[in-house]
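Residues per chain are reported as follows:
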Amino acid sequence: RRLQGVNGRLQREIDMNETLLHQMLPPKVAADLSAGRTVPFEAFDHVTLFFSDVQGFTHIAASVAPGEVINFLNVLYSVMDYCVSLIPIYKVETIGDC
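The shown structure was predicted, so the numbers you read here are calculated from the model rather than taken from an experiment.

About the thresholds
Residues numbered from 1 in each chain as written. Predicted model: local features only at pLDDT ≥ 70, side-chain atom pairs only at ≥ 80, totals over all residues. Heavy atoms only, no water. Helix = DSSP H or I, 4+ residues; strand = E, 2+ residues; numbered from the N terminus. Rg over C-alpha atoms; globule rule 2.2 N^0.38 Å. Buried < 20%, exposed > 50% of the residue type's maximum accessible area, 1.4 Å probe, protein only. Contact = heavy atoms within 4.5 Å. Areas by Shrake-Rupley, 256 points an atom, 1.4 Å probe, with all protein chains shown as cover. Lys, Arg positive; Asp, Glu negative; His and termini not counted. Charge placed at Lys NZ, Arg CZ, Asp CG, Glu CD. Salt bridge = Lys/Arg side-chain N within 4 Å of Asp/Glu carboxyl O.

Caption draft 1: Inspection of the overall build of the protein at higher detail. Regarding its fold elements, the protein presents four helices and zero strands. Its helices and strands in sequence order give the protein the pattern α-α-α-α, from N to C terminus. Taking 98 residues into account, the globule formula puts the C-alpha radius of gyration at 13 Å, and the protein, at 19 Å, lies well above it. Projecting the C-alpha coordinates of the protein onto the three principal axes gives extents of approximately 50 × 45 × 20 Å. Going through the 98 residues of the protein one by one, you find that 4% of them count as buried. Residue pairs in contact within the protein that sit at least 24 positions apart in sequence constitute 35% of those at least 6 positions apart. Carbon and sulfur atoms form 62% of the exposed surface of the protein, whose accessible area is close to 9,000 Å². Here the protein contributes 7 positive and 11 negative side-chain charges, whose respective centroids are spaced 18 Å apart.

This is the structure in structure tokens:
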């Protein structure tokens, strides 16, 4: 029974790692890594990285109603998703609060 509990916790950790892997990497790379395969090197002539941050988000979120925060984020990410859909791009999302 104790071993079953350990195995269950281990499987949950493995599942969480797989989920994170597939959220952070392109599907082909994540699949190769999950299968234990070496991911081949790829070179790109032109690469653009875009990082964004909502400055003061913690203060904003604390000073308005929860519904307003949700509406703000919905508009913001809807616009960003639309822009991303116009060009071939791989989008990585992370959430952090500093």
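Alright, that's what it looks like, and here's the rest.
Caption draft 2: Inspection of the environment of T38 at higher detail. On the secondary structure map, T38 appears in the loop between α2 (27–34) and α3 (57–63). Separated by 21 residues in the primary sequence, T38 and H59 have C-alpha atoms spaced 44 Å apart.

Caption draft 3: Spotlight on the pattern of salt bridges. The final tally for this structure, using the stated rule, is two salt bridges. For K28, the salt bridge is made with D32, and the minimal N-O distance between the two is 2.9 Å. Taken together, the residues span about one helical turn, with K28 and D32 both in helix α2 at a distance of four residues. Residue D32 is classed as buried on the basis of its relative accessible area, which comes to 4%. A salt bridge links D32 to R37; the nearest nitrogen and oxygen atoms lie 3.0 Å apart. Residue class for R37 comes out partly exposed when judged on its relative accessible area of 46%.

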